[in-house]
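Breakdown of the fold
For reference, the chains in residue letters:
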Amino acid sequence: MAAPVLSGIHVLEFGGLAPAPFAGLLLADNGASVLRIDRPNSPSSDLLTRHKCSVAIDLKSASGLQFLKSLLPHADILLDPFRPGVLERLGLGPDVLLRINPRLIIGRMTGFRRDGKYRDMAGHDINYLAVSGALALLGRKGEKPYAPGNILGDFAGGGAVLFQGLLLALLERQRSGRGQVVEANMVDGSAYLATFPRTALKTPMWDRARGENVLDGGCPYYDTYETRDGKYMAVGALEPQFFARLIKGLGLAGRGIEETREDRGTWPHMKKLFEERFREKTRSEWEAVFDGTDACCTPVLDFSELENNTSREGDQRPAVTLRATPSLAISKGVPSRDASTGQGPGVEGEGYRGAPLAPGEGGEKALEEWLGWKRGKQFEIRNGGFVTLHQGGGRESKL
């Protein structure tokens, strides 16, 4: 089994919140060596630290800036999580960075568009979703829009989209030999993810008010239902053959429901009927009815149930499987396990608990692996920050 596909790629990640660190996590899980740049003596709340190390650098000091610049020729990717203008004020704008290392790929993550109406405003996931149009799609009938945690903006529309851009830039660098700036923002990322519902707004699939459409809670056979023990089952029986199996499992076959299911006028009664029927059994009892069938009816599981239950897909794995070069493991397992679970022994917490990364933690080891540098020879630590004693040698990039 070969090493993960990004092995040998060196990443500098400025410490930040959620989206950019998630892009760094995706890089690290796929074998890249990610070195987070932290402020000296300033603990971070970031828990997206799997497989990462840290160096502490005072970027407001000349010696700190010099240390960072000494690392740049040896980096493949630099992750910028800051609001527009922050790197430029530090004297580290893209023009400066690319002069130091023309092969560098600079991944810049913002919330709002850099050239948009809201570019100078602070915001969070909910704000970026709001102006992207995606938030207006989410919520029940007659209720206010509902933000789904910070999954859609920060992570799907933010960090994961930036990761995609970085991979594209690595491919382009193979052809041109040059790096470039990769811009990502959560407004465009979230809007792009909403491509299907946005293009369906002028079709019967999604042409009604929020919460009245097929996939947003309006349809009784695409919804969740409470069971007798206060838990939930999820129903997604859209196709006729799956709907027929659902009705059979619910004990409602032979009532003509199958023939009238597309008549929206029957939906309120059907939903009430389903609600009453699901409350007659516990979730486990309904699982016994529907497991192994094509009724598209499954339990709604929470992470507390999944954490210690690998028989329910509870072991956390890399997002995709590369059979020849699988990513690094998240959960522990035997060496002979399937490649889809990842290479290696797994990490502490197994994807259910994140571990803080202290400023400077693992940094000395990373510098030795990247550059062959040793403390007291090429660098020193003063007042908690790394500073250069003299320049190290060059490194040929993998990509």
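Residues numbered from 1 in each chain as written. Predicted model: local features only at pLDDT ≥ 70, side-chain atom pairs only at ≥ 80, totals over all residues. Heavy atoms only, no water.

- One UniProt comment on the chain, placed under Sequence similarities (unreviewed entry), says "Belongs to the CoA-transferase III family." (UniProt positions renumbered as here; feature names shortened; annotations may be inferred.)

1. Examining unusual backbone geometry
- At E313, a residue that is not glycine, the phi angle is positive and equals roughly 60 degrees.
- Looking at the secondary structure, you find E313 in the loop between α13 (303-306) and α14 (363-371).
- You will see that N383, though not glycine, has its phi angle at about 55 degrees, which is positive.
- Inspection of the secondary structure puts N383 in the loop between β10 (379-382) and β11 (385-388).
- Taking relative accessible area as the criterion, N383 reaches 74% and is therefore assigned exposed. (Helix = DSSP H or I, 4+ residues; strand = E, 2+ residues; numbered from the N terminus. Buried < 20%, exposed > 50% of the residue type's maximum accessible area, 1.4 Å probe, protein only.)

2. Some words on the pattern of salt bridges
- This model, assessed by the stated rule, comprises 25 salt bridges.
- Note that R36 and D38 form a salt bridge whose closest N and O atoms lie 2.9 Å from each other.
- When its relative accessible area of 6% is taken as the criterion, D38 is described as buried.
- E287 is the salt-bridge partner of R283, the closest N and O atoms lying 3.4 Å from each other. Residue R283 and its partner E287 are located together in helix α12 (residues 283-290), separated by 4 residues, close to a single helical turn.
- Exposure remark for R283: the relative accessible area of 4% places this residue in the buried category. (Salt bridge = Lys/Arg side-chain N within 4 Å of Asp/Glu carboxyl O.)

3. Considering helix α1 (residues 19-29)
- With respect to burial, α1 is a largely interior element, 10 of its 11 residues being buried.
- The set of residues buried in α1 consists of P19, A20, P21, A23, G24, L25, L26, L27, A28 and D29.
- A positive backbone phi angle near 105 degrees is found at G31, which sits one or two residues after α1.

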